[in-house]
Amino acid sequence: MISEQTWWKEGIVYQIYPRSYKDTTGSGVGDLQGIIEKLDYIASLGVTIIWLNPVYDSPNDDNGYDIRDYRKIMTEFGTMEDFNLLLTEMKARGLRLVMDLVVNHCSDEHQWFQESRKSRDNPYRDYFHWWPAEKGIPPKRWSYFDVDENAWKYDAQTDAYYLHYFAVKQPDLKWENPEVRREIYDMMHFWFQKGVDGFRMDVIPFISKDISYPELDAKEPHEFIAFYANGPKIHEYLNELNREVISKYDAFTVGEGPGISINQALDFVHEDRKEMDMFFHFDLMSLDRQPGEVFMMRKAPWKLSEFKKIFNDWDSAFAKAGWGSLFLANHDFPRAVSRWGNDSAAYWKNSATLLQTFLLTMRGTPYFYQGDEIGMSNVRFTDIDDYKDINTINRYENIKKNGGDLIAFMESEKHAARENARTPMHWDASQHGGFTTGEPWIRLNPNYASGVNVASQEVEEYSILHYFRKITTVRKSNLALVYGDYECLHPEHEEVYAYTRTLGGECFLILLNFSDVTVTYSLPSHIQYNRKTKIISNDLILDDQTYKEFMLGAWQAVVYKLEN
Ligand code: NOJ
């Protein structure tokens, strides 16, 4: 069956973290002009949609996820004129733009909060969640970025606590208030009228909470999330947002979906429900973490059978309705090649290109993060002073305060920290990787000087970059790779991920060796064909002369077309 065709299902998304993309002023911080300068490069990759991390005015406590003014561009990034030019230049190249929508919370420097905290009868008071101190200490709510992990902050001015699921400077907006929702919808119209094509919706399940604030009995702090996100009004709000805003444009939404389980998936994205178009689930992102932990790495390595199960389960969730999103990395997680591949010299190139092949041959909309196209890898900072991220810094402080194991924490951060993704983009081998002529806001990964940069890979014949361009073309010229049915051939196999994608009479076979050794792989008996044509491979084919047996080198990826 083919799901209804749309541009955003057929699209390939390229995520840009503007702070780290390209600086044109020498400030050490990337800017919008830097993105404009690189648009020809971006278009040359074959991607069709850009998702921009927040570019709005912000004091940057959480790098733009703390918005002070939703209708103004962050000064470090440029002006509204730069933004308008960016959009015009993108459209001229056929690129679509998806903005970040951060509306669970704003900055405490936003005018709404500045007013709200002034007095209990201020007209903006009910824009936020306040707990009057005379009711006693509010029931425990866990916070992501608070040094004491406490989501309630006492504010003496009105003798009350306000809620902040994230940093103390990110107060949660009160969606129960229709005025708040109206302000948000107006703001979304403002951006749509400029011509943007959609929104990635930050922590969207958190907008509805149980505001009676029952005491929670979860043992693990992180289990709390299940109790205080996805609240009773989540579907009502998403439906309203869709009706009031999204339905009026040729646009799509992708929600960040922490806490959305597979059983709930279609309630959010079934076409008939008119809520969101797709969302990012977190099952893969938790695979290498300790159970119930968001940030700490687990001891045992992840297994390929576990990895496949996640993709198999989620593919079947959307096989008949809805649509999925596919991602291996973003600005909140380590680099894809370091996490799901092997970034050591011998396997780096093959594993980076294997992961590209994987995302571009699966069903769902693929999202790449800047630098994936050249195989950027984890920086693995060892010194706390190298970290700029509030998440790492405040958790470090928390552990220090409580006499915890800082060595174990720093070791885990080498692999888990968000900074691994946030170091600047590598444009060439010159100082600071051609990112800035000034002092970069954060240290670069020194491997920019040894081949992990765009300029070197442009001239290298078989580079990760050139492969990326080829495999995006393969995706875009074969609808079966977008819409075709997916069948995983050996879910339990621990080295090879093999699957078919079939649409009408067309069938593609994808073989991916997720291991450091050569493997001989045999197709199951029900896969029959008369002729196979190699469409693309990231390495020389070792041996595929026999009908059912394939010899795959370490981290080899091959796509065949099978014909009868
Ligand atoms: C999720 C975003 O992706 C992350 O970067 C941010 O820190 C939190 N939401 C809070 O907005």
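Up top you'll find the structure we're talking about.
Owing to the predicted nature of the structure, the values given are computational and were not obtained by experimental measurement.

With that settled, consider the site of the ligand. The environment of the ligand is made up of 13 residues, and the closest members are Asp-62, His-105, Asp-202, His-331 and Asp-332. Asp-62 places a side-chain nitrogen or oxygen 2.6 Å from an oxygen atom of the ligand. Between the ligand and Arg-200, the relevant distance is 3.0 Å, taken from an oxygen atom to a side-chain nitrogen or oxygen of the residue. Contact with the protein chains hides 97% of the accessible area of the ligand, taken as 300 Å² for the molecule alone. For the shell around the ligand, a count of residues per class yields four nonpolar, two polar and seven charged.

One pass over the structure, following the stated rule, counts 61 aromatic pairs. Look at Trp-8 and Phe-252: their rings are 5.9 Å apart centre to centre, the planes differ by 20°, and that puts the pair in the stacked class. Here Phe-252 lies in strand E10 (residues 252-256) and Trp-8 lies in helix H1 (residues 7-10), a separation of 244 residues in the sequence. With relative accessibility at 1%, the residue Phe-252 sits in the buried group. Centre to centre, the rings of Trp-323 and Tyr-483 are 5.7 Å apart; their planes meet at 50°, and the pair counts as tilted. Within this pair, whereas Trp-323 is found in the loop between helix H11 (304-317) and strand E12 (325-327), its partner Tyr-483 is found in helix H19 (residues 479-483), the two being separated by 160 residues in sequence. Look at Trp-323 and you get buried, because its relative accessible area is 3%. Tyr-483 gets classed as buried once you look at its relative accessible area, which sits at 1%. Within the aromatic cluster, the residues linked to one another by ring pairs are Trp-302, Phe-307, Phe-311, Trp-340, Phe-358, Tyr-486, Tyr-497, Tyr-499, Phe-514 and Trp-555. When the ring centre of Trp-323 is taken as origin, the NZ or CZ atom of Lys-9, which lies over that ring, is 5.3 Å away. Taking NZ or CZ as reference, Arg-19 lies 5.4 Å from the ring centre of Trp-441, over its face.

All right, on to the environment of Ile-262 then. By secondary structure assignment, the location of Ile-262 is in the loop between E10 and helix H9 (265-269). Residues Ile-262 and Phe-318, 56 residues apart in the sequence, show an inter-C-alpha distance of 9.7 Å. Ignoring sequence-local partners within four residues, the contact set of Ile-262 consists of Asp-313, Trp-314 and Ala-317.

The subject of this paragraph is the environment of Trp-175. Relative to the helices and strands, Trp-175 resides in the loop between strand E8 (160-163) and helix H6 (178-194). Along the primary structure Trp-175 and Asp-343 are separated by 168 residues, whereas in three dimensions their C-alpha atoms are 44 Å apart. Non-local contacts of Trp-175, meaning those with residues more than four positions away in its chain, are made with Val-103, Arg-181, Ile-184, Tyr-185, Ile-207, Tyr-237 and Leu-241. Engagement of the side chain of Trp-175 in a polar contact is seen with the backbone oxygen of Val-103, the distance being 2.8 Å.

Time to look at unusual backbone geometry. A positive phi angle, near 50°, is found at Lys-274, a position not held by glycine. For Lys-274, the location among the structural elements is in the loop between H9 and strand E11 (278-280). Phi angles above zero are rare outside glycine, and Trp-555 is one such case at about 55°. Looking at the secondary structure, you find Trp-555 in the loop between strand E19 (549-552) and strand E20 (557-563).

Our next topic: the pairing of strand E1 (residues 13-16). Burial of E1 is two-sided: the residues Val-13 and Gln-15 facing one way and the residues Tyr-14 and Ile-16 facing the other way are all buried. Where E1 and strand E13 (residues 365-369) come together, three bridges link them in parallel fashion. Looking at the pairing, Val-13 lines up with Tyr-367 of E13. In terms of strand pairing, E1 meets strand E2 (residues 49-52) through four bridges, oriented parallel. The residue of E2 that forms the bridge with Gln-15 is Trp-51.

What the five strands build is an open sheet, ordered E14-E15-E16-E20-E18; its pairing is antiparallel. With one partner strand each, in any of the chains shown, strand E14 (485-488) and strand E18 (531-537) form the two edges of the open sheet. Each strand of the sheet is rotated relative to its neighbour by a mean of 25°, with strand direction disregarded.

Where strand E7 (residues 152-155) meets E8, four bridges bridge the pair, whose relative direction is antiparallel. Counterpart to Asp-155 in the pairing with E8 is Ala-160. In this antiparallel pair of consecutive strands, E7 and E8, the connection spans four residues, and Asp-159 shows a positive phi of 50°.

Thresholds applied
- Residues numbered from 1 in each chain as written.
- Predicted model: local features only at pLDDT ≥ 70, side-chain atom pairs only at ≥ 80, totals over all residues.
- Heavy atoms only, no water.
- Near = heavy atom within 4 Å.
- Polar contact = N/O pair within 3.5 Å; in protein donor to acceptor, adjacent residues only side chain to side chain.
- Areas by Shrake-Rupley, 256 points an atom, 1.4 Å probe, with all protein chains shown as cover.
- Nonpolar A, V, L, I, M, F, W, Y, C, P; charged D, E, K, R; others polar.
- Phe/Tyr/Trp six-rings, centres within 6.5 Å; stacked < 30°, edge-to-face > 60°.
- Helix = DSSP H or I, 4+ residues; strand = E, 2+ residues; numbered from the N terminus.
- Buried < 20%, exposed > 50% of the residue type's maximum accessible area, 1.4 Å probe, protein only.
- Lys NZ or Arg CZ within 6 Å of the ring centre and 35° of its normal.
- Contact = heavy atoms within 4.5 Å.
- Pairing = 2+ DSSP bridges.
- Axes fitted to C-alpha atoms, helices over the stretch in contact; angles between N-to-C directions.

No statement about biological role is implied by the geometric values presented.
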